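The chain contents come next:
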Amino acid sequence: MDGIGMTSQRTRDRLVERLRYEGIKDNRVLDVISNTPRHLFMDEAISSRAYEDTALPIGHGQTISQPYIVARMTEALIADSLPGRVLEVGTGSGYQTAVLAQLIENVYTVERISPLLEQARKRLALLNLCNIEFLHGDGYAGWAEQGSYDAIIVTAAPLDIPSSLLEQLTDNGKLVIPTGPAGSQQLLQVVRDGDTFHKHLLDRVSFVPLKEGIL
Ligand code: SAH
């Protein structure tokens, strides 16, 4: 990925310093964020704001997640042991996908809005990230054909945790997911232990809703 968007390296380094200050500790995650050109995952009209620690619009009423949240979720996903196969629900811009693909061997990503998926697919190919499989589908159902997964990350919030996602976790697999209504969402980490699922609260968050059906 060297050479792409290098003009922004200094601004990316400032973002990484800020994430460190906000409590992100995992250097694997910080290094990847430092190397990933977030400005390529949005319209040029707003790309001057790409290295602010804020969510930004990507069209279709959706947003590219705030870098702190991307870092926090990724950190939670890879803590303890590095998962080999990860399912992402909500490809959106593809930025979180790009971060995952630099850390994880096999990434599977599902998006319900076709134009967003196709744009993300092109951007990720331009960055030579080849270890990603894409599905235009409803992530409420996960992606059973490719499962099971060592970890699942969901980047839009359902009211309750979809049971199909729990079913597609390997034993000891980990799900990182925001849940709840707009205005009072919790970011949860769920760890599978046989048929038992242990939940931990990671943060209070604000995500776009997970919606049913495809567009
Ligand atoms: N990680 C993305 C976040 C995009 S916002 C990024 O940083 O760009 C959340 C995304 O989830 C949106 O693109 C939205 O269309 C998608 N989404 C919402 N409900 C979904 C569902 N049921 N299945 C798949 N994707 C969904």
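Our structure is the block above this text.
Please read these numbers as outputs of a predicted model, since none were measured by experiment.

What counts, and where the lines are drawn
Residues numbered from 1 in each chain as written. Predicted model: local features only at pLDDT ≥ 70, side-chain atom pairs only at ≥ 80, totals over all residues. Heavy atoms only, no water. Near = heavy atom within 4 Å. Polar contact = N/O pair within 3.5 Å; in protein donor to acceptor, adjacent residues only side chain to side chain. Helix = DSSP H or I, 4+ residues; strand = E, 2+ residues; numbered from the N terminus. Nonpolar A, V, L, I, M, F, W, Y, C, P; charged D, E, K, R; others polar. Axes fitted to C-alpha atoms, helices over the stretch in contact; angles between N-to-C directions. Parallel < 35°, antiparallel > 145°, perpendicular 65-115°, else oblique. Left-handed = near helix turned anticlockwise from the far one by under 90°. Contact = heavy atoms within 4.5 Å. Core = buried A, V, L, I, M, F, W, Y, C linked by side-chain atoms within 4.5 Å. Buried < 20%, exposed > 50% of the residue type's maximum accessible area, 1.4 Å probe, protein only. Phe/Tyr/Trp six-rings, centres within 6.5 Å; stacked < 30°, edge-to-face > 60°. Lys NZ or Arg CZ within 6 Å of the ring centre and 35° of its normal. Pairing = 2+ DSSP bridges. Right-handed = clockwise from strand over helix to strand, strands pointing away.

S.K.: How should the site of the ligand be read in this particular structure?
M.R.: Taken together, the neighbourhood of the ligand is formed by 24 residues, with Ser 93, Glu 111, Asp 138, Gly 139 and Lys 211 sitting nearest. Here Ser 65 contributes a backbone N or O atom positioned 3.0 Å from an oxygen atom of the ligand. Of all the elements in the fold, those that place two or more residues in the shell around the ligand are strand 2 (62–64) and strand 4 (106–111). Among the elements that line the shell around the ligand, the one with the most residues is strand 2, at three residues. Its residues placed into classes, the shell around the ligand shows nine nonpolar, eleven polar and four charged.

S.K.: Got a minute to help me understand the packing of helix 2 (residues 27–35) against helix 3 (residues 67–78) in this structure?
M.R.: The packing of two helices is summarised by the inter-axis angle and the distance between the axes. Between helix 2 and helix 3, the shortest axis-to-axis distance is 9 Å and the interhelical angle comes to 140 degrees. Here helix 2 lies oblique to helix 3, going by the angle between them. Regarding helix 2 and helix 3, the two cross each other, and that crossing is right-handed. On helix 3, the residues touching Arg 28, Val 29 and Ile 33 of helix 2 are Pro 67, Ala 71, Thr 74, Glu 75 and Ile 78. The residue inventory of the contact of helix 2 with helix 3, partitioned by class, reads five nonpolar, one polar and two charged.

S.K.: How should the nonpolar core be read in this particular structure?
M.R.: It is characteristic of soluble globular proteins that their nonpolar side chains tend to be buried jointly. Ranked by internal contacts, the top residues of the largest apolar core, which has 49 residues, are Leu 19, Ile 33, Leu 77 and Leu 124. Here the element with the most residues in this core is helix 3; it accounts for eight residues. In contact with Leu 77, not counting residues within four places along its chain, are Pro 83, Val 86, Leu 100, Ala 151, Ile 152, Ile 153, Lys 174 and Val 176. With 19 residues, the next largest nonpolar core counts Val 154, Ile 161, Leu 188 and Val 190 among its residues.

S.K.: Explanation requested: the packing of aromatic side chains in the structure shown.
M.R.: Aromatic ring pairs are described here by two measures, namely the spacing of the ring centres and the angle between the planes. Taken as a whole and assessed by the stated rule, the structure comprises three aromatic pairs. With 5.8 Å between their ring centres and 70 degrees between their planes, Phe 41 and Tyr 95 make a pair best called edge-to-face. Taken together, the positions of Phe 41 in the loop between helix 2 and strand 1 (56–59) and Tyr 95 in helix 4 (residues 95–101) put the pair 54 residues apart, joining distant regions of the chain. Among the aromatic side chains, those forming a connected cluster through ring pairs are Tyr 108, Trp 143 and Tyr 149. It is Arg 38 that lies over the ring of Tyr 95; its NZ or CZ is 5.6 Å from the centre.

S.K.: What is the right way to read the pairing of strand 3 (residues 85–89) from this model?
M.R.: Regular strands have side chains that alternate between both faces of the sheet. Of all five residues that make up strand 3, four are buried, and the element is covered over most of its length. One ladder, built from five bridges, connects strand 3 with strand 4; its direction is parallel. Note on strand 4: the bridge partner recorded for Arg 85 is Asn 106. Once the chain exits strand 3 it traverses helix 4 before rejoining the sheet at strand 4, and the crossover so formed is right-handed. For strand 3 and strand 6 (residues 149–154), the ladder comprises four bridges, and the chain directions are parallel. Paired with Val 86 across the two strands is Ala 151, which belongs to strand 6.

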